[in-house]
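Structure assessment
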Amino acid sequence: MNKQQQIEILSKLISIRSVNDHEAEVADYIASLFEPYKNKGVQIERVTYAPGRDSLVVTIGKGDRILGFSGHEDVVDPGDLEAWDSDPFKAVIKDGKLYGRGATDMKSGLAAVIIAMLDMLENDAVPGKIKLFATVGEETGEYGAAQLTKEGYVDGVDGMMIAEPGDSMGEVGFTSKGIVDYIVTSIGKGAHSSQPEKGINAIDHLIDFANEVKPVMAEFDKVDPVLGKLTHVQSLFNGGEQINSVPAKAVIKGNIRTIPEYPNKVIFDALEGLVNKLNKKPGYDLSIAYSFPEEAMPGDANSPFIKLIKKVHDEMFDKPLVASGQSGASDGSEFLHAKGDFSIALLGPGNDTSHQSNEYVDVDVYHQSVDFYKQLAQEFFNQ
């Protein structure tokens with residue numbers, strides 16, 4: 001595929017407004033690219049998460065070993081359109097950069113792995129069994145990846161390359177922090193503020209939780225050699241109805257970034273233990289819930305898969321590849337639960353403009369990434 005065709009595929013993906021939804025249109029387009037190769041044994045499977053939200057699994061080639069490529073179909077909201085120099089859903093190339101929402105995170109990576117697979121099919125050069133996992137809902141909870149994993153689509157892979165932004169193909173992620181977003185609700189009893197003894201102050205009880213959870217979280221003091229420490233932030237607090245009423249309800253939300261040394265279950269037990277302890281006090285009625293928790297993704301910078309990625313990369317790029325940990329979660333946090341012993345890597349053509357206005361990808365790096373994925377596939381199956 002020539003470079004202009006590669007740009008056209010990325011531009012089409014960017015034009016699809018898959019903002020935290022509507023990924024089925026992305027799946028439609030990807031499927032249409034692979035449909036002409038069904039006579040070469042291509043399998044295209046749609047996995048519906050919700051109406052208008054389809055993940056896609058495309059399988060090419062044959063063999064006992066499986067290489068996985070993955071990219072998510074959704075993007076975040078473009079935000080203030082006045083902050084953009086061009087329409088975020090119309091790809092614009094200027095000074096060697098292609099601008100648009102998703103240009104970095106991560107439609108350029110998704111396009112690159114798609115094109116690499118299409119080139120292999122076109123040239124009858126598929127070196128083994130390769131699966132593409134195009135997922136929904138990564139930006140809001142990785143639930144497309146969770147569904148594919150739960151339903152067994154990822155079982156048996158021998159290596160998974162997620163084409164997330166990697167400092168313009170200069171940095172490969174091999175481990176990442178997990179996420180626990182918790183929501184604690186305090187139920188009290190409303191009353192007039194002139195007679196507070198007739199009510200139960202929900203905010204007071206929630207403040208007790210807010211104060212006591214800090215030392216509980218501080219006990220998780222191990223330091224991961226790559227990712228550092230577990231972090232905890234109390235990020236939202238809401239309560240009360242009006243200034244002259246005893247508040248009958250209050251809610252606090254917190255964000256915890258976990259490390260592999262502390263599985264999420266350990267964090268859940270600690271939080272729920274504190275809630276149960278407080279609820280033993282007279283009048284306390286606290287409850288806790290979680291929003292799309294993600295496990296930390298363990299990894300090994302010296303695994304055979306990461307070493308192979310470094311080898312291929314250093315043969316093709318001027319600067320050596322840096323292996324690093326990632327502070328944010330990705331679909332890898334769900335894929336790691338699939339059956340099998342395999343490594344996960346995150347490396348794509350994007351940069352640090354994710355979620356920003358005037359998001360862009362370097363055009364030359366984008367083209368190079370296509371060649372990289374093709375070469376990686378060849379050498380993966382030659383091992």
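Residues numbered from 1 in each chain as written. Predicted model: local features only at pLDDT ≥ 70, side-chain atom pairs only at ≥ 80, totals over all residues. Heavy atoms only, no water.

**What to know about the side chain of Asp 119**
Inspection of the secondary structure assignment puts Asp 119 in helix α3 (residues 107-122). The class of Asp 119 is buried, set by a relative accessible area of 5%. Apart from the residues lying within four places of it in its own chain, the contact partners of Asp 119 are Met 1, Val 370 and Lys 374. (Helix = DSSP H or I, 4+ residues; strand = E, 2+ residues; numbered from the N terminus. Buried < 20%, exposed > 50% of the residue type's maximum accessible area, 1.4 Å probe, protein only. Contact = heavy atoms within 4.5 Å.)

**Quick notes on the layout of surface pockets**
The space that makes up the largest pocket amounts to roughly 700 Å³. Around the largest pocket, the lining comprises 28 residues; the ones closest to its centre are Asp 105, Glu 138, Glu 164, Gly 328 and Ala 329. Considered class by class, the residues forming the lining of the largest pocket number five nonpolar, twelve polar and eleven charged. Taken as a whole, the second largest pocket encloses approximately 240 Å³ of empty space. Contributing to the lining of the second largest pocket are Asp 167, Ser 168, Met 169, Gly 170, His 313, Phe 317, Asp 318, Lys 319, Pro 320, Val 322, Val 365 and Gln 368. (1 Å grid on protein atoms, 1.4 Å probe; cavity = no way out; pocket = protein on both sides within 12 Å on 5 of 7 lines; lining within 4 Å. Points joined across faces, edges and corners; volume = space filled by probe spheres on them. Nonpolar A, V, L, I, M, F, W, Y, C, P; charged D, E, K, R; others polar.)

**With respect to the sheet that holds strand β13 (residues 231-239)**
Across the sheet, which stays open at both edges, the four strands sit in the order β13-β15-β9-β16 with antiparallel pairing between neighbours. Since the sheet does not close on itself, it has two edges, and those belong to β13 and β16 (286-290), each with one partner. On average, adjacent strands in this sheet sit at an angle of 20° to one another, irrespective of strand direction. By the bridge criterion, five bridges tie strand β9 (residues 178-187) to β16 in an arrangement that is antiparallel. Each residue of the ladder has a partner; that of Thr 185, found in β16, is Ser 287. Sheet strands in contact with helix α6 (residues 264-279) are β9, β15 (249-258) and β16, and its direction is about 165° off that of β16. (Pairing = 2+ DSSP bridges. Axes fitted to C-alpha atoms, helices over the stretch in contact; angles between N-to-C directions.)

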